[in-house]
Amino acid sequence: MILLGFSQNRSHFYFGETEADPLSESRKNKIAVEIYGRQYVIVGDESESHIRKVAAIVDEKMREMKSRNPSLDTAKLAVLTAVNAVHEYLKLQEEMEKYKYKKD
């Protein structure tokens, strides 16, 4: 699980570092990544390689969306990327459900 937050006293977003954070135990990984030219720190209980892979895919998808929609600002680009990622996720879930029912 990767959590998102924003700190007013920092110049970047961070993930999962609030006082009520369930990841505040020693098991979390804190990884600096770059997504679409901006630095982020992601904190999560997944491995460093998994967190880096997630960040790389988000960066790749944002750049892909920008090439198709060059007039979008960064905020709209991020939303479009998220919408497309959720769409792809839902399509995969549907495919898995079809496979599950075929198997039974």
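What you see is a predicted model, and the numbers here were worked out from it, not measured in a lab.

Before going further, it helps to spend a moment on the nonpolar core. In terms of nonpolar packing, the biggest core is built from 10 residues, these being I31, V33, I35, Y40, I42, I51, A55, M62, M65 and L77. When residues of this core are traced back to their parent elements, those giving at least two are β3 (29-35), β4 (38-44) and α1 (48-68). A per-element tally of this core places α1 first, with 4 residues. Discounting chain neighbours no more than four positions away, the residues touching I31 are Y40, V41, I42, E48, I51 and R52.

Two numbers describe how α1 lies on helix α2 (residues 74-103): the axes approach to 9 Å, and their chain directions differ by 110°. One way to sum up the angle between α1 and α2 is to call them roughly perpendicular. Note that α1 runs across α2; the crossing there is right-handed. Taking contact as the criterion, the partners of V58, K61, M62, M65 and K66 in α1 are, on α2, T74, L77, A78, L80, T81, N84 and E88. When its residues are assigned to classes, the contact of α1 with α2 shows 6 nonpolar, 3 polar and 3 charged.

Now for the pattern of salt bridges. Summed over the entire model, instances satisfying the criterion amount to 6 salt bridges. A salt bridge links E48 to R52, with the shortest nitrogen-to-oxygen separation between them at 2.9 Å. You can see E48 and its partner R52 sitting in helix α1, 4 residues apart, about one turn around the helix. Two residues, R63 and D59, come together in a salt bridge whose shortest N-O distance is 3.0 Å.

The end-to-end C-alpha distance of α2 is 43 Å, a good match for the 44 Å that 30 residues give at a rise of 1.5 Å each. For α2, the N-terminal capping position is held by D73, with its side-chain oxygen 3.2 Å away from the main-chain nitrogen of A75.

Cut-off values and rules
Residues numbered from 1 in each chain as written. Predicted model: local features only at pLDDT ≥ 70, side-chain atom pairs only at ≥ 80, totals over all residues. Heavy atoms only, no water. Core = buried A, V, L, I, M, F, W, Y, C linked by side-chain atoms within 4.5 Å. Buried < 20%, exposed > 50% of the residue type's maximum accessible area, 1.4 Å probe, protein only. Helix = DSSP H or I, 4+ residues; strand = E, 2+ residues; numbered from the N terminus. Contact = heavy atoms within 4.5 Å. Axes fitted to C-alpha atoms, helices over the stretch in contact; angles between N-to-C directions. Parallel < 35°, antiparallel > 145°, perpendicular 65-115°, else oblique. Left-handed = near helix turned anticlockwise from the far one by under 90°. Nonpolar A, V, L, I, M, F, W, Y, C, P; charged D, E, K, R; others polar. Salt bridge = Lys/Arg side-chain N within 4 Å of Asp/Glu carboxyl O. Expected span 1.5 Å × (residues − 1). Polar contact = N/O pair within 3.5 Å; in protein donor to acceptor, adjacent residues only side chain to side chain.

On their own, these measurements won't tell you what the molecule is for.
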